[in-house]
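Summary of structural features
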Amino acid sequence: MPKADLNLTEILDHLLNGHCVEKNDIKYLLKLSEPEKISLLFEAAQNARTLHFGNKIFLYGFLYFSTHCRNNCRFCQYRQSNKMLPRYRKTESEIIAAAKEMSDAGVHLIDLTMGEDPELYSSDESGFEQFISMIKTVQNETKLPVMISPGTLPDKVLMEVADAGVTWYACYQETHNKILFKDLRQGQGFKKRLAKKQLAKNLGMLIEEGILTGVGETMDDIADSIIWMRDFCVDQARIMTFVPQTDTPMANTMSQNNLIELIIIAVMRLVLPDRLIPASLDVDGLNGLKARLDAGANVVTSIVPPQKGLAGVANHSLDIEDSRRTLDHILPIVKTCGLEPAMVEDYLAWITGRQKASGRSF
Ligand code: SAM
Ligand code: MD0
Ligand code: SF4
């Protein structure tokens with residue numbers, strides 16, 4: 001057997017036996033290019049998922065309730081300088097109706113996302129009062145855990161959110177390479193974004209970290225991000241392929257083939273075997289779901305109800321109004337992967353277990 005093959009089986013076995021690997025081994029896996037070896041990687045990732053989650057998949061409803069933003073991330077269509085984009089700010093009753101529709105359909109979590117909306121961010125903390133009360137109502141009405149993805153909230157607001165019993169805080173770094181970060185999230189603080197995650201974690205919230213691929217990063221950067229996620233003990237680890245957006249500075253960046261995202265999902269699964277890893281419908285829509293689950297993801301995210309004027313992030317409208325981001329369309333695909341949706345009780349039990357294991361149950 002050529003030495004490289006031995007390397008691959010050894011690294012995969014090592015990971016499947018619960019051992020830690022070095023950065024070089026992570027990079028070796030990330031750089032695999034032969035189809036047979038990539039298949040072995042995906043098979044190992046599926047085995048790691050089965051070991052920790054059986055054949056159960058979690059389902060996240062996505063509610064992008066305000067698309068106004070004060071920031072100018074170069075990759076994002078919702079950047080403040082993009083004047084071509086029609087924006088919306090949903091009312092509390094619209095938000096509750098969409099959240100209820102998704103909880104009735106059977107999702108396990110509601111992800112409340114917004115741009116850094118100047119209406120909230122430009123005043124002092126008082127701008128967030130309605131936001132906090134809206135979150136509480138969503139929790140009460142749906143009886144589901146909530147994730148918030150609101151940007152870099154003021155510390156005091158983050159504390160109030162934690163007090164309100166919000167389960168998850170998502171605030172993606174995109175990259176852990178400071179130079180690339182400065183380029184992607186121009187004018188924003190690398191350390192500030194990290195500090196918000198640390199504070200939310202200290203306050204007892206579960207943390208999702210996320211990175212992008214196809215934005216000029218190297219495999220060394222991706223390996224560093226995966227190691228950062230391991231060291232920080234993130235609870236959910238996300239990778240998304242950059243989707244070029246018209247009327248933004250990165251509009252002409254070449255679209256990257258999705259295989260790299262799939263390989264990164266598989267490597268994340270092996271390095272963080274007991275964590276949640278999204279298969280986002282936001283990048284390739286429903287057509288991209290099976291490949292992401294086959295690579296080892298265990299949460300379908302960006303489920304969006306139609307006819308409510310709600311948008312996605314990486315893709316503004318892909319698959320939304322034709323109902324292809326609903327459970328009717330998603331569940332048959334989950335089944336063809338030999339998987340099935342978890343019960344909401346399974347999801348709540350996972351959360352409680354995670355909070356206890358990390359000393360975050362109060
Ligand atoms: N405004 C908040 C923030 O930036 O933290 C919340 C929105 S956040 C959930 C939006 C995320 O979607 C970004 O952090 C990025 O990872 C991803 N994203 C945005 N534009 C994208 C694009 N064009 N292609 C792929 N992913 C994108
Ligand atoms: C997703 N569009 O799940 C959403 C979003 C925010 N927490 C998540 C990027 O793909
Ligand atoms: Fe605003 Fe978030 Fe888009 Fe950046 S990624 S421009 S903070 S909505």
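Structure shown above.
Remember, predicted model here, so these are calculated numbers, not experimental data. (Residues numbered from 1 in each chain as written. Chains lettered and ligands numbered in written order. Predicted model: local features only at pLDDT ≥ 70, side-chain atom pairs only at ≥ 80, totals over all residues. Heavy atoms only, no water.)

**A word on the site of ligand 3**
Operational definition: Only a single heavy atom is needed: when it lies within 4 Å of a molecule or strand, its residue is near that molecule or strand. Residues are grouped as follows: Ala, Val, Leu, Ile, Met, Phe, Trp, Tyr, Cys and Pro are nonpolar; Asp, Glu, Lys and Arg are charged; all remaining types, including Gly, are polar.
Tyr64, Cys69, Asn71, Cys73, Phe75, Cys76, Arg79, Gly115 and Arg185 make up every residue found near ligand 3. Residue classes in the shell around ligand 3 are distributed as five nonpolar, two polar and two charged.

**Some words on the pairing of strand S3 (residues 146-149)**
Using the following cut-off: Burial classes follow relative accessibility: with a 1.4 Å probe on protein chains only, a residue under 20% of its type's maximum area counts as buried, one over 50% as exposed, and anything between as partly exposed. Each helix corresponds to a stretch of at least 4 residues labelled H or I by DSSP, and each strand to a stretch of at least 2 residues labelled E; elements are numbered beginning at the N terminus. When DSSP locates at least two bridges between a pair of strands, those strands are taken to pair. Orienting the strands away from the viewer, one traces the path from the first strand over the helix to the second; a clockwise path indicates a right-handed crossover.
Here S3 shows two buried faces, one formed by Val146 and Ile148 and the other by Met147 and Ser149. Bridge count between strand S2 (residues 109-114) and S3: four bridges; the pairing is parallel. Note on S3: the bridge partner recorded for Thr113 is Ser149. In terms of strand pairing, S3 meets strand S4 (residues 168-170) through two bridges, oriented parallel. Across the sheet, residue Met147 finds its bridge partner in S4, namely Trp168. You can see the chain leave S3, run along helix H7 (residues 155-163) and come back into S4, and the turn it takes is right-handed.

**Details of the packing of helix H3 (residues 35-53) against helix H11 (residues 259-271)**
Quick note on the threshold: Lines are fitted to the C-alpha atoms to define the axes, a helix being fitted only along its stretch in contact, and any angle between axes, read from their N-to-C directions, falls within 0 to 180 degrees. When an angle is under 35 degrees it counts as roughly parallel; over 145 it counts as roughly antiparallel; between 65 and 115 it counts as roughly perpendicular; any other value is oblique. Handedness of each helix crossing follows the sense of rotation of the near helix against the far helix: counterclockwise by less than a right angle gives left-handed, clockwise gives right-handed. Here, two residues are considered to be in contact whenever any of their heavy atoms come within 4.5 Å of each other.
H11 packs onto H3 with a crossing angle of 45 degrees between their chain directions and a minimal axis gap of 8 Å. Of the possible angle classes, the one that applies to H3 and H11 is oblique. For the element pair H3 and H11, the recorded crossing hand is left-handed. Residues Ile38, Leu41, Phe42, Ala44, Ala45, Ala48, Arg49 and Phe53 of H3 touch H11, and the partners they reach there are Leu259, Leu262, Ile263, Ala266, Val267, Arg269 and Leu270.

**A few points about the nonpolar core**
Counted only if it meets this: Residues enter a nonpolar core if they are buried and are Ala, Val, Leu, Ile, Met, Phe, Trp, Tyr or Cys, with the set joined through side-chain atoms within 4.5 Å.
Formed by 114 residues in total, the largest nonpolar core has its most connected members in Leu41, Leu63, Ile110, Leu112, Phe131, Ile148 and Val161. In contact with Leu112, not counting residues within four places along its chain, are Leu63, Phe65, Ile95, Met134, Ile135, Val138, Val146, Met147, Ile148 and Ser149. The next biggest cluster of nonpolar side chains, apart from the first, holds 15 residues, and it includes Phe58, Trp168, Val299 and Ile351.

**Observations regarding the packing of aromatic side chains**
The criterion, for reference: Ring pairs are drawn from Phe, Tyr and Trp, using the six-membered ring of Trp, whenever the two centres fall within 6.5 Å, and their geometry is named by plane angle: stacked under 30 degrees, edge-to-face over 60, tilted for the rest. As a reminder, the over-ring test applies to NZ of lysine and CZ of arginine, requiring each to be within 6 Å of the ring centre and within 35 degrees of the ring normal.
This structure, assessed with the given rule, holds 12 aromatic pairs. Aromatic side chains Tyr64 and Tyr78 sit 4.9 Å apart centroid to centroid with 75 degrees between the ring planes, which places their arrangement in the edge-to-face category. On the criterion of sequence distance, the pair formed by Tyr64 in strand S1 (residues 56-66) and Tyr78 in the loop between S1 and helix H4 (92-105) is long-range, its members being 14 residues apart. When its relative accessible area of 4% is taken as the criterion, Tyr64 is described as buried. Among the residues examined, Tyr78 registers a relative accessible area of 1% and is labelled buried. Ring geometry for Phe181 versus Phe190: centroids 5.2 Å apart, planes at 85 degrees, classification edge-to-face. By relative accessible area, which is 9% here, Phe190 ends up buried. By way of ring pairs, the aromatic residues Phe53, Phe58, Tyr60, Trp168, Tyr347 and Trp350 are connected into one cluster. Its end group placed over the ring of Tyr88, Lys90 keeps NZ or CZ at 4.7 Å from the ring centre. Looking at Lys201, its charged tip hangs above the ring of Phe232, at a distance of 4.4 Å from the centre.

**Points about the pairing of S1**
When you tally the buried positions in S1, you get 10 out of 11 residues, the bulk of the element. Note: S1 against strand S9 (residues 340-341), two bridges, orientation parallel. Opposite Lys56, over in S9, you have Glu340 as the bridge partner. Bridging between S1 and strand S8 (residues 299-303) involves three bridges; their strand directions are parallel. Bridged to Gly61 within S8 is Ile303. Here S1 pairs with S2 via six bridges, running parallel. Paired with Ser66 across the bridge in S2 is Met114. With H4 bridging S1 and its parallel neighbour S2, the resulting β-α-β unit is right-handed.

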